[in-house]
Amino acid sequence: MKAAYLVRYGTASQAFEIRETEIPTPSPSQILIQVEGFGLNFADVMARLGLYKGAPPNPAILGYDVVGRVAKCGTDVVDFEQGDRVIALTRFGGYAEYALAEGFVSQRVPEDLPPGEAVALSTQYCTAYFLSHLMANLQQKDRVLIHAAAGGVGTALVQMAKAKNCIIFGTCGSAEKIAYLEQAGVQHPINYRKEDFVEVVRKVSSGHGLDVVFDPIGGKSVKQGFKLLGAGGRILSYGLSSMNQTSNIFGKLKVLGQFGFYHPVQFLSGSRGMIGVNMLKVADDNPRKIAYAMQKVIEMTSQGILKPFVGGEFSINQLVEAHEYLESRKSMGKIVVKW
Ligand SMILES: NC(=O)c1ccc[n+]([C@@H]2O[C@H](COP(=O)([O-])OP(=O)(O)OC[C@H]3O[C@@H](n4cnc5c(N)ncnc54)[C@H](OP(=O)(O)O)[C@@H]3O)[C@@H](O)[C@H]2O)c1
């Protein structure tokens, strides 16, 4: 089979090589999937830049999510049959013609669901569901701030918050994305290149604190978001996008310091909390929750509550362009690469 290997950290044009390799064999709990398409996630860009600690060493096959057909089932797998169309969390190995996934993080999807929409439901929608429903316990009419709101996870969070009639503030970095967020129903889209999100939230809310902040940026943004919370509010820190602005250790330490330092009494006296989410850790410790999130997002999509937006569809020969597009910060929704 063919697979796209990450062979060099750095720019997308130098990073990948398509190589021939053996089709992998599923373990008893795994399924082998003939891949129709795989999704890109921002973590892939971080891994390509050598900034993702959990990524395998080079030469590595990246890829967290795929859509395709079951080609073979491990001996203990009873829920799938050869030929089933599925989405799956692959935890690397997704940029290939065949990929392995644990049966419990795979789900059947309808034949007519386009590949980009299907694959969006894996990492990005599952992350958004885990954040908003299982950790933040988002309530009707909550006042919510979503950073990187036009991206993959951001789009999913916006749709989930809309389904709960939340009042949504969403940040992004361009006029095009502002228009996208308006169309998605974000009442207060904020172009952070032109406006200070703290000022906008304070002005619009006239003193009312936020109920939930979703933050994949990290550093200073978390510190600022925490200060915007009202009683009962919670901030979810689930990414470190701002880390990719710096290549040296001092810059990274600076970003870590900018998160701020917290004492539990601050949480107690202000009645607000901070929650960290790392889906790989959840998958290790509590895979049932990932499986549940996957089932729920598929169900909500079939009910018309969720509708993934595919912002870029590329062929495998355009993997470099697909990576460059995600890295450029211009992309909206999900990016899929098809074989
Ligand atoms: N913790 C977890 O388990 C988990 C799981 C999935 C994803 N994530 C995190 O969630 C975030 C979103 O992931 P995604 O795959 O859906 O990507 P994405 O949102 O589609 O793309 C990243 C977007 O982040 C925004 N951004 C803001 N500041 C940035 C910065 N300093 N550098 C780069 N981008 C910046 C950019 O849009 P604007 O500039 O227009 O805002 C960019 O388009 C990432 O941080 C990712 O690591 C975490």
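Being a predicted model, the structure only gives us computed values, none of them experimental.

*Asks:* Sorry, what's going on with the sheet that holds strand β10 (residues 188–191) here?
*Replies:* Each strand in a sheet pairs with another by means of backbone hydrogen bonds, the pair being arranged parallel or else antiparallel. Spatially, β10-β9-β8-β11-β12-β13 is the arrangement adopted by the six strands of the open sheet, whose pairing is parallel. One side of each edge strand has no neighbouring strand; the edge strands of this open sheet are β10 and β13 (273–276). For this sheet, the mean angle separating the axes of adjacent strands, direction not counted, is 15°. When strand β8 (residues 143–146) meets strand β11 (residues 210–215), the two strands line up parallel, connected through three bridges. Directly across from Ile-146, in β11, lies its bridge partner Phe-214. Packed on one face of the sheet, helix α5 (residues 152–163) meets β8, β9 (167–172) and β11 and runs near 170° to β8. Against the sheet, helix α7 (residues 197–205) makes contact with β8, β9, β10 and β11, and its axis sits at roughly 160° relative to β9, the strand it touches most.

*Asks:* Looking at this model, I keep getting lost on the domain arrangement of the chain. Mind explaining?
*Replies:* How large an interface is tends to be reported as the accessible area lost when its parts come together. The domain architecture assigned to the chain consists of domain 1 (2–121 + 308–338) and domain 2 (125–280). Counting the surface lost from both domain 1 and domain 2, the interface buries some 1500 Å², and carbon and sulfur atoms represent 59% of this. For the pair domain 1 and domain 2, the interface holds five residue pairs in polar contact (both at pLDDT 80 or more). When grouped by side-chain class, the residues that make up the side of domain 1 that touches domain 2 number eleven nonpolar, two polar and three charged.

*Asks:* Before we go on, may I ask you to explain the site of the ligand in this structure?
*Replies:* The immediate surroundings of the ligand are formed by 24 residues, with Phe-42, Tyr-192, Tyr-238, Val-277 and Met-279 found nearest. Measuring from an oxygen atom of the ligand, one finds a backbone N or O atom of Val-153 at 2.8 Å. One of the backbone nitrogen or oxygen atoms of Val-277 is found 2.8 Å away from a nitrogen atom of the ligand. Residue-level mapping places the shell around the ligand at the junction of two domains, with at least three residues from each of domain 1 (2–121 + 308–338) and domain 2 (125–280).

*Asks:* Mind showing me how you'd approach the pattern of salt bridges here?
*Replies:* Between side chains of opposite charge, pairing is possible as soon as their charged atoms come close. Applying the stated criterion across every chain, the model contains 14 salt bridges. Taking the shortest distance from any N to any O, the salt bridge between Glu-17 and Arg-8 comes out at 3.8 Å. The class for Glu-17 is partly exposed, based on a relative accessible area of 31%. Here Glu-111 makes a salt bridge to Arg-69, at a shortest N to O gap of 2.6 Å. With Glu-111 in the loop between β7 (106–108) and α3 (115–120) and Arg-69 in strand β4 (residues 65–73), the pair connects residues that are 42 residues apart, well separated along the chain. Accessibility expressed as a relative area gives 32% for Arg-69, which makes it partly exposed. Taken together, the shared-partner salt bridges connect Arg-8, Glu-17 and Arg-19 into one network.

*Asks:* I would appreciate a short explanation of the pairing of β11 in the present structure.
*Replies:* Look at any regular strand and the pattern is simple: side chains alternate between the two faces of the sheet. Along β11, six of the six residues are buried, which leaves the element largely enclosed by surrounding structure. Direction of pairing for β11 relative to strand β12 (residues 229–237): parallel, over a ladder of five bridges. Across the sheet, the residue bridging to Asp-215 is Ser-237, located in β12. Once the chain exits β11 it traverses helix α8 (residues 220–227) before rejoining the sheet at β12, and the crossover so formed is right-handed.

*Asks:* Help me out: how do you make sense of the nonpolar core in this one?
*Replies:* For soluble globular proteins, the rule of thumb is that nonpolar side chains tend to be buried together. One finds Ile-146 and Phe-214 to be the most contacted residues of the largest nonpolar core, which totals 52 residues. Inspection of this core shows a minimum of three residues originating in each of domain 1 (2–121 + 308–338) and domain 2 (125–280). Each residue touching Ile-146, except ones within four places of it in the same chain, is listed here: Gly-154, Leu-157, Val-158, Ala-161, Ile-168, Phe-169, Gly-170, Thr-171 and Phe-214. With 41 residues, the next largest nonpolar core counts Ala-43, Val-66, Ala-99 and Ile-335 among its residues.

*Asks:* How should I be thinking about helix α9 (residues 249–258) in this particular structure?
*Replies:* Note that an α-helix has 3.6 residues per turn; residues three or four places apart therefore point the same way. For α9, the side-chain oxygen to backbone nitrogen distance between the N-cap and Phe-250 is 3.0 Å, and the N-cap itself is Asn-248. Of the residues flanking the end of α9, it is Gly-260, one or two places downstream, whose phi is positive at about 95°.

*Asks:* Would you mind going over the state of the cysteines with me for this structure?
*Replies:* By definition, a disulfide is the covalent link that joins the sulfur atoms of two cysteine residues. Under the defined criterion, the tally for this structure stands at zero disulfides. Of the cysteine sulfurs around Cys-73, a residue in no disulfide, the closest is that of Cys-126, at 20 Å. With no disulfide of its own, Cys-166 lies closest to Cys-172 among cysteine sulfurs, the gap being 19 Å.

Quick notes on the rules
Residues numbered from 1 in each chain as written. Predicted model: local features only at pLDDT ≥ 70, side-chain atom pairs only at ≥ 80, totals over all residues. Heavy atoms only, no water. Pairing = 2+ DSSP bridges. Helix = DSSP H or I, 4+ residues; strand = E, 2+ residues; numbered from the N terminus. Axes fitted to C-alpha atoms, helices over the stretch in contact; angles between N-to-C directions. Contact = heavy atoms within 4.5 Å. Domains from an automatic or database assignment. Buried area = accessible area lost by both parts, 1.4 Å probe. Polar contact = N/O pair within 3.5 Å; in protein donor to acceptor, adjacent residues only side chain to side chain. Nonpolar A, V, L, I, M, F, W, Y, C, P; charged D, E, K, R; others polar. Near = heavy atom within 4 Å. Salt bridge = Lys/Arg side-chain N within 4 Å of Asp/Glu carboxyl O. Buried < 20%, exposed > 50% of the residue type's maximum accessible area, 1.4 Å probe, protein only. Right-handed = clockwise from strand over helix to strand, strands pointing away. Core = buried A, V, L, I, M, F, W, Y, C linked by side-chain atoms within 4.5 Å. Disulfide = S-S within 2.5 Å.

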